[in-house]
Amino acid sequence: MTRPPGETGPDSPSLAEAAALWQAGGLDREALVGQLTTLGEGEAVHALIGDLIGEAPGHEVTDAAGTGEWRAELLASRAKAWAHPASAGLLVGPHVLILTDGRRGVVLTAEGTRVLKASVSASMLLLCQTIVMADHAVDAQELGTLRQQRIESTSTSLSEIEPLP
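Note that the structure is a prediction, hence the values are computed from the model and not measured. (Residues numbered from 1 in each chain as written. Predicted model: local features only at pLDDT ≥ 70, side-chain atom pairs only at ≥ 80, totals over all residues. Heavy atoms only, no water.)

Another aspect to go through is the overall build of the protein chain. A count of helices and strands for the protein chain gives five helices and five strands. Its helices and strands in sequence order give the protein chain the pattern α-α-α-α-β-β-β-β-β-α, from N to C terminus. Among the 165 residues that make up the protein chain, the fraction classed as buried is 35%. When contacts within the protein chain are restricted to residue pairs at least 6 apart in sequence, those whose partners lie at least 24 apart make up 54%. Looking at the protein chain as shown, the accessible area adds up to about 9,900 Å², and 58% of this sits on carbon and sulfur atoms. (Helix = DSSP H or I, 4+ residues; strand = E, 2+ residues; numbered from the N terminus. Buried < 20%, exposed > 50% of the residue type's maximum accessible area, 1.4 Å probe, protein only. Contact = heavy atoms within 4.5 Å. Areas by Shrake-Rupley, 256 points an atom, 1.4 Å probe, with all protein chains shown as cover.)

See below:
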């Protein structure tokens, strides 16, 4: 079982145990998300996916209603991506957690765990990386805008100060 860095005590659950506790109602979902997001590298995510795959059934969307639900779930997701060499991604939707390493992936719900196909896992990793890159780009753009506003407000404020005769 995988353990997050710094949590090796006998009372702290491994990531796989934490996922099982959440699914059994013994752990708050945000506590599990918190454990996952504090991971420094994707290797622990790779190990966790391996732990969770076990006998979990495959996950398929078979009808149009399911496709619409998935679209809504993905559009409302938050994402985290871990970089190379152990690339991995986490999507946190309103009802599901999706973990992927690009080759394997799992969908965690309060009801259980399902395995994603390899092609879907690769797409989910790309989605995670895209969301994170877009978020960083927006943050950089907003920072630039705020910096420019500060410069403009400073120059306006200074120009409004009247010199003494």
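This part takes up helix α1 (residues 15-23). Among the residues of α1, those classed as buried are L15, A16, A18, A19 and W22. Here the buried residues of α1 occupy an arc of 160° about the axis, which is enough to place them on one side. Of the residues flanking the end of α1, it is G25, one or two places downstream, whose phi is positive at about 85°. (Arc of directions from axis to C-beta.)

Describing two packed helices takes the angle between their axes plus the distance from one axis to the other. Helix α3 (residues 43-53) packs onto α1 with a crossing angle of 55° between their chain directions and a minimal axis gap of 9 Å. In terms of orientation, α1 lies oblique with respect to α3. α1 and α3 meet at a crossing whose hand is right-handed. Residues L15, A16 and A19 of α1 lie in contact with α3, whose contacting residues are A44, L48, D51 and L52. (Axes fitted to C-alpha atoms, helices over the stretch in contact; angles between N-to-C directions. Parallel < 35°, antiparallel > 145°, perpendicular 65-115°, else oblique. Left-handed = near helix turned anticlockwise from the far one by under 90°.)

Another point: the pattern of salt bridges. A side chain with one charge can pair with a side chain of the opposite charge if their charged atoms come near. Counting across every chain of the model gives three salt bridges. Note that E30 is salt-bridged to R78, the shortest N-O span being 3.3 Å. Taken as a pair, E30 in helix α2 (residues 29-37) and R78 in strand β1 (residues 78-82) lie far apart in primary sequence, 48 residues in all. Here R78 falls in the partly exposed class, since its relative accessible area comes to 43%. Within the structure, one salt-bridge network assembled from shared partners comprises D101, R103 and R104. (Salt bridge = Lys/Arg side-chain N within 4 Å of Asp/Glu carboxyl O.)

Here we take up the confidence of the model for the protein chain. Of the residues in the protein chain, 78% have a pLDDT of 70 or more, and the chain-wide mean is 81. Strand β3 (residues 97-100) holds the highest mean pLDDT among the elements of the protein chain, 94, whereas helix α4 (residues 64-75) holds the lowest, 75. Taken as a whole, residues 1-9 scores under 50 in pLDDT and shows 23 contacts with residues more than four places along the chain or in a different chain. (pLDDT = per-residue confidence, 0-100.)

Cis geometry marks the peptide bond from H84 to P85, where omega comes out at 15°. Assignment of secondary structure puts P85 in the loop between β1 and β2 (88-92).

All right, on to the environment of D51 then. Along the chain, D51 falls in helix α3. The partly exposed category is assigned to D51, whose relative accessible area is 34%. Here the alpha-carbon distance between D51 and A16, two residues 35 residues apart in the chain, equals 6.5 Å.

This paragraph deals with the sheet that holds β3. A sheet is described by the order of its strands in space; here five strands give the open sequence β1-β2-β3-β4-β5, paired in antiparallel fashion. Each edge of the open sheet carries a strand with a single partner, namely β1 and β5 (112-116). Across this sheet, the average inter-strand angle for adjacent strands is 15°, counted without regard to direction. In this structure, strand β4 (residues 105-109) lies alongside β5, joined through five bridges in antiparallel fashion. Each residue of the ladder has a partner; that of V107, found in β5, is R114. α1 rests against β3, β4 and β5 of the sheet, and its axis sits at about 35° to β4. (Pairing = 2+ DSSP bridges.)

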